[in-house]
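# Observations on the model geometry
As a plain string of letters, each chain reads:
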Amino acid sequence: TQLLEQSPQFLSIQEGENLTVYCNSSSVFSSLQWYRQEPGEGPVLLVTVVTGGEVKKLKRLTFQFGDARKDSSLHITAAQPGDTGLYLCAGVAGNQFYFGTGTSLTVIP
Amino acid sequence: NAGVMQNPRHLVRRRGQEARLRCSPMKGHSHVYWYRQLPEEGLKFMVYLQKENIIDESGMPKERFSAEFPKEGPSILRIQQVVRGDSAAYFCASSRRLLAGGYTGELFFGEGSRLTVL
């Protein structure tokens, strides 16, 4: 079983601050995805990174895939209350999706 | 175009009863995954199915749990003789057939079924 550790597990910040969430594994993945989950709902895909070293930007969110394709980071600039949620990374190997331990983010207005 | 449909959304069972959770994947999707989630935690993989086939059930407990995805109808996750430790949210996700060459599909999740065992 591929294990993905996310850090921090919980994060509470003020609106306007920046933050970074990390997703680390000892396993290599063909690609890595980030999902966001709001209370009472299922996760929703934010991004997929495929190439080692790849960086993708979605407005205030920047995603990076490690060179060795074992780890990834999510950076949020100027966080807003609407960013509050559970962020999950998922490593993809074959037809399998292995989810990380999750980072619960709270952005305080 | 309906998304992944799960029912029931909430289910309460007493210890020893059976729980049946149903999942209808998105139209055109032939891959179904079941995950279990405890509050504020990540998703723990349980089972991966394609139509009429269990592809990977390495995350399923050996006893009391079973899953199926018949040719017709929804996928079903069945928990027999439930215990308090089975209380959790169970999520179903579906995806299309994954393409070759490293292309990764997207998992589309249902809203989950929350099981409470009294």
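Below is a short write-up of the structure. In every chain, residue numbers begin from 1 and rise along the written sequence. Following the order in which they are written, the chains are lettered starting with A and the ligands numbered starting with 1. Only residues with pLDDT of 70 or above have their local features reported here, since the model is predicted, and side-chain atom pairs are shown and tallied only from 80 upward, although totals for entire chains, interfaces and linings are computed over all residues. Neither water nor hydrogens contribute to the side-chain values; these are computed over all heavy atoms in the structure.

## Focus on the packing of aromatic side chains
Definition in use: Between the rings of Phe, Tyr and Trp (Trp by its six-membered ring), a pair exists once the centres lie within 6.5 Å; its type follows the angle of the planes, with under 30 degrees stacked, over 60 edge-to-face, and the other angles tilted. Here a strand is any run of E in DSSP of at least two residues, a helix any run of H or I of at least four, and the numbering for each starts at the N terminus. Only protein chains enter the accessibility calculation, which uses a 1.4 Å probe. A residue is then buried if its area is under 20% of the maximum for its type, exposed if over 50%, and partly exposed in between.
In the structure shown here, the tally under the stated rule is 10 aromatic pairs over all chains. Their ring planes at 80° and their centres at 5.1 Å tell us that A:Phe99 and B:Tyr35 sit as a pair that is edge-to-face. Pair noted here: A:Phe99 is in strand 10 (residues 96-99) and B:Tyr35 is in strand 4 (residues 31-37), and the two residues belong to different chains. Looking at A:Phe99, the relative accessible area reads 8%, which means it is buried. Geometrically, the ring pair formed by B:Tyr33 and B:Tyr48 is stacked, given 4.4 Å between the ring centres and 5° between the ring planes. With B:Tyr33 in strand 4 and B:Tyr48 in strand 5 (residues 43-50), the pair connects residues that are 15 residues apart, well separated along the chain. Of the two residues, B:Tyr33 and B:Tyr48, neither departs from the other in class, the shared state being buried.

## Let's talk about the nonpolar core
General note: in soluble globular proteins, nonpolar side chains tend to be found buried as a group. We apply this condition: By nonpolar core we mean a set of buried residues, namely Ala, Val, Leu, Ile, Met, Phe, Trp, Tyr and Cys, connected to one another through side-chain atoms within 4.5 Å. By definition, residues are in contact when any of their heavy atoms lie within 4.5 Å.
Formed by 23 residues in total, the largest nonpolar core has its most connected members in B:Trp34, B:Met46, B:Leu77 and B:Tyr90. Secondary-structure elements contributing two or more residues to this core are strand 3 (19-24), strand 4, strand 5, strand 7 (65-68), strand 8 (75-79), strand 9 (88-95) and strand 11 (113-117) of chain B. B:Leu77 has contacts with B:Ala19, B:Arg20, B:Leu21, B:Trp34, B:Met46, B:Met60, B:Ser66, B:Ala67 and B:Tyr90, leaving out every residue within four places of it along the chain. With 22 residues, the next largest nonpolar core counts A:Val47, A:Leu74, A:Ile76 and A:Ala79 among its residues.

## With respect to the pairing of strand 7 (residues 61-65) of chain A
All names here are of chain A. Keep this limit in mind: We call two strands paired when DSSP finds no fewer than two bridges between them.
Burial of strand 7 is extensive: four of the five residues sit out of reach of the surface. Taking the residues between adjacent antiparallel strands as the criterion, strand 6 (residues 55-58) and strand 7 are bridged by two residues, where lysine 59 takes a positive phi near 55°. Between the antiparallel neighbours strand 7 and strand 8 (residues 71-76) lie five residues, among them arginine 69 with a positive phi of about 60°.

## What to know about the side chain of A:Asp83
Relative to the helices and strands, A:Asp83 is located in the loop between strand 8 and strand 9 (85-93). In this structure, A:Asp83 is in contact with A:Arg36, A:Arg60, A:Ile76, A:Leu105 and A:Val107, ignoring residues within four places of it in sequence.

## Observations concerning the interface of chain A and chain B
Rules: Take the accessible area each of two parts loses on contact, using a 1.4 Å probe, and add the two losses: that sum is the buried area. We define a salt bridge as a side-chain nitrogen of Lys or Arg found within 4 Å of a carboxyl oxygen belonging to Asp or Glu. Each polar contact in these results corresponds to two N or O atoms within 3.5 Å; when the atoms are within protein, one needs to be able to donate a hydrogen and the other to accept it, and residues that are neighboring in sequence are counted only if both atoms are side-chain atoms.
Contacts between the two partners involve 25 residues from chain A and, on the opposite side, 24 residues from chain B. Interface area lost by chain A to chain B is led by A:Asn95, A:Gln96 and A:Phe97, which between them contribute 30%. Between the two partners, chain A and chain B, sit zero salt bridges. Across the contact surface, chain A and chain B share six residue pairs in polar contact (both at pLDDT 80 or more). At the level of secondary structure, the elements contributing two or more residues to the side of chain A that touches chain B comprise strand 4 (31-37), strand 5 (44-49), strand 9 and strand 10 of chain A. When residues in the side of chain A that touches chain B are grouped by element, the largest group, four residues, is from strand 4 of chain A.

## A short note on the sheet that holds strand 6 of chain A
Residues and elements named next belong to chain A. Rules: Note on method: axes are straight lines fitted to C-alpha atoms, helices fitted across the in-contact stretch only, with angles between N-to-C directions ranging 0 to 180 degrees.
With antiparallel pairing, five strands are arranged side by side in an open sheet as 1-3-8-7-6. Edge positions in the sheet fall to strand 1 (4-7) and strand 6, since each of these pairs with one other strand and no more. Strand after strand, the sheet turns through a mean of 15° between neighbouring axes, direction not considered. Summarising the sheet, strand 7 and strand 8 pair through five bridges and their orientation is antiparallel.

## Some words on the pattern of salt bridges
Side chains bearing opposite charge may pair, as long as their charged atoms lie close to each other. Residue and element names in this part refer to chain B. Per the stated rule, a full pass over the model turns up seven salt bridges over all chains. Glutamate 18 serves as the salt-bridge partner of arginine 20, at 2.8 Å between the closest nitrogen and oxygen. Here arginine 20 falls in the partly exposed class, since its relative accessible area comes to 38%. Glutamate 18 sits in the partly exposed class, given a relative accessible area of 29%.

Honestly, it's all geometry; don't read function into it.
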